[in-house]
Amino acid sequence: MTTVRRCAAALAASAVLCVALAPAAVAGGDVPAAPGASPSADPAPAPSPAESSPAEPAPVKIPPGLYGDKDPTYDGVWRQSLAMLGQFAAHVRPANQAVAWLKGQQCANGAFPAYRPEPARPCDAKTAVDSNSTAAAIQALSSLGGQRPAMTRGIAWLRSVQNKDGGWSYAPGTPSDANSTSLVIGAMTVAGVRPSSVRSAAGKNAYDALVGLSIPCDTASGADAGGFAYQPDAAGKLSANDDATTAAVLAGVGKRLVSGPVKAGPAPSCVPAADLSPERAARNGAAYLASVLAATGHLDQPPMPGAEDSAPLPDIGNTAEAVVSLTATGYGDQANRALEWLKQNSGAWAQENGPAAYAQLILAAHATDTDPRNFGGIDLVERLNATGPAPKAIAVPASPAAAASTSVDEGGRAVLWLIVIGLVVAGYIGFRISVRGKTARP
């Protein structure tokens, strides 16, 4: 869900590539000796200085309309979608060029890949489409209005790759995870589709899968109680994952990535239940997040496998998402400290990570009714807009809360127009009846 997770996807893809290339290197027999090993009897000729110098990497070519200046191979659609959602939350309409780029990434079957460098070439079996890019793009398109055909195709594809347990995985055909399932719930919500009505061949829906990844509120669960796992481990055990929990809390109460503030109530508590509802699981997840944030005011990144330094590092992206999740579920008081921590510590991180990072902070500001143009002294909106084509400003509602009450899906606008038309027709009929009554009198 976060920019950190996008980077993890890139690392995973790199690892697969390395594994694929390894046999070829061995087969060539031109493998350097390990440090300290004796040289072979017949060593290969030493390469010339020119041959041993690494080639200069080709400069990354950023397509017109795309936000950010880094290689978009693993996060193009993701960062574009978040950038557009951040602009929507800040009452800014993206440039037509930015919208056209995003729509041009969609395949004919409705799916979106992480990045398609040649949009004019039709997608094929080698095009790596995924649920995260597709769900994020649907949410971004819903903020524009008039994008129903593209959204409908995207939803149809998501339906076609639903797992038997009712959930979704990042890549179709792999086990469901909490992050992907939560993103799809948000996409269906903005498209006017009830997630509970979309059932797999086994009769399961997205909430069934999500609740199945929640950790019970009992003493045996320890500090993980109430949290959500990304996926079970090899033995089927669930361990709390902060990224998965921030996503699942929003999805469990039917919220999307852009969520407005909700009046704060009492602190959340982890309540055991024999038959756990999606909302109860989400509120248990909120209790877990509040507990973790209470220690330092921020979430931490998990240690990298094999890293010598195991000291935890702050996870700024997930901290921003935790602020959104807690505030949108009515626990904003538990997010105040984290919000202030973000204002003081997120500037350099956002500058390094680009449009998606700025968007995450804007969404946190939007959820808490905070001015994103003065977030710890930083104008997040200006900096986000500067990463891509110049946007068009749109009317600013009275407050972020007012914006939150307006649906980002054109379905709500259609209902409003039907009401207006109905009132006009009713008025006209009443007028005609009145006129007839008057002319019938002697």
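Conventions we followed
Sequence positions are assigned chain by chain, starting from 1 and proceeding in written order. Totals for whole chains, interfaces and linings use every residue, but because this is a predicted model, local features are given only for residues with pLDDT of at least 70 and side-chain atom pairs only at 80 or more, for both listing and counting. No hydrogens and no water enter the side-chain calculation; it runs on all heavy atoms of the structure. Only Phe, Tyr and Trp rings are paired, with Trp represented by its six-membered ring, and only when their centres lie within 6.5 Å; those with planes under 30 degrees apart are stacked, over 60 edge-to-face, the remainder tilted. Numbered from the N terminus, helices here are DSSP runs of H or I no shorter than four residues, and strands are runs of E no shorter than two. Residue exposure (1.4 Å probe, protein chains only): buried if accessible area is under 20% of the type maximum, exposed if over 50%, otherwise partly exposed. The term disulfide is used for any two cysteine sulfur atoms that are within 2.5 Å. pLDDT is a per-residue confidence score from the predictor, ranging from 0 to 100. Here, residues are in contact when the closest pair of their heavy atoms is within 4.5 Å. Lining residues are defined by having an atom within 4 Å of a point belonging to a cavity or pocket. Those points lie on a 1 Å grid over the protein atoms alone, cavities being sets where a 1.4 Å probe fits but cannot get out and pockets being open sets with protein on both sides within 12 Å along at least five of seven lines. Grid points are joined across faces, edges and corners, and a volume is the space filled by probe spheres set on the points. Only Asp, Glu, Lys and Arg are considered charged in this grouping, and only Ala, Val, Leu, Ile, Met, Phe, Trp, Tyr, Cys and Pro are considered nonpolar; every other residue, Gly among them, is considered polar.

A. Local environment of the packing of aromatic side chains. This structure, assessed with the given rule, holds one aromatic pair. Between the aromatic rings of Trp101 and Tyr115, the centroid separation amounts to 6.3 Å while the plane-to-plane angle is 20°, which identifies the pairing as stacked. With Trp101 in helix α4 (residues 96-104) and Tyr115 in the loop between α4 and α5 (131-142), this pair connects stretches of sequence that are 14 residues apart. For the pair shown, Trp101 and Tyr115 are each scored as buried.

B. Representation of the state of the cysteines in the model. Here the structure, examined in full by the defined rule, presents two disulfides. Paired by a disulfide, Cys107 and Cys123 hold their sulfur atoms 2.0 Å apart. Between Cys107 and Cys123, the disulfide has an S-S torsion of -80° and is therefore left-handed. With Cys107 in the loop between α4 and α5 and Cys123 in the loop between α4 and α5, the pair connects residues that are 16 residues apart, well separated along the chain.

C. Seen up close, the confidence of the model for the chain. Of all residues in the chain, 76% attain a pLDDT of 70 or more, and the chain-wide mean is 84. Scored below 50 in pLDDT, residues 4-52 makes 23 contacts in the model with residues more than four places away or belonging to other chains.

D. View of empty space enclosed by the protein. As enumerated under the stated definition, the model contains three cavities of 30 Å³ or more in all. There is about 140 Å³ of room inside the largest cavity. Lining the largest cavity are 13 residues; nearest its centre among them are Leu257, Glu321, Val324, Gln360 and Leu363. Mapped onto the lining of the largest cavity, the elements with two or more residues apiece are α3 (76-89), α9 (242-252), α11 (316-328) and α14 (355-367). Element by element, the count of residues in the lining of the largest cavity is highest for α11, at four residues. Looking at side-chain class alone, the lining of the largest cavity contains nine nonpolar, three polar and one charged residues.

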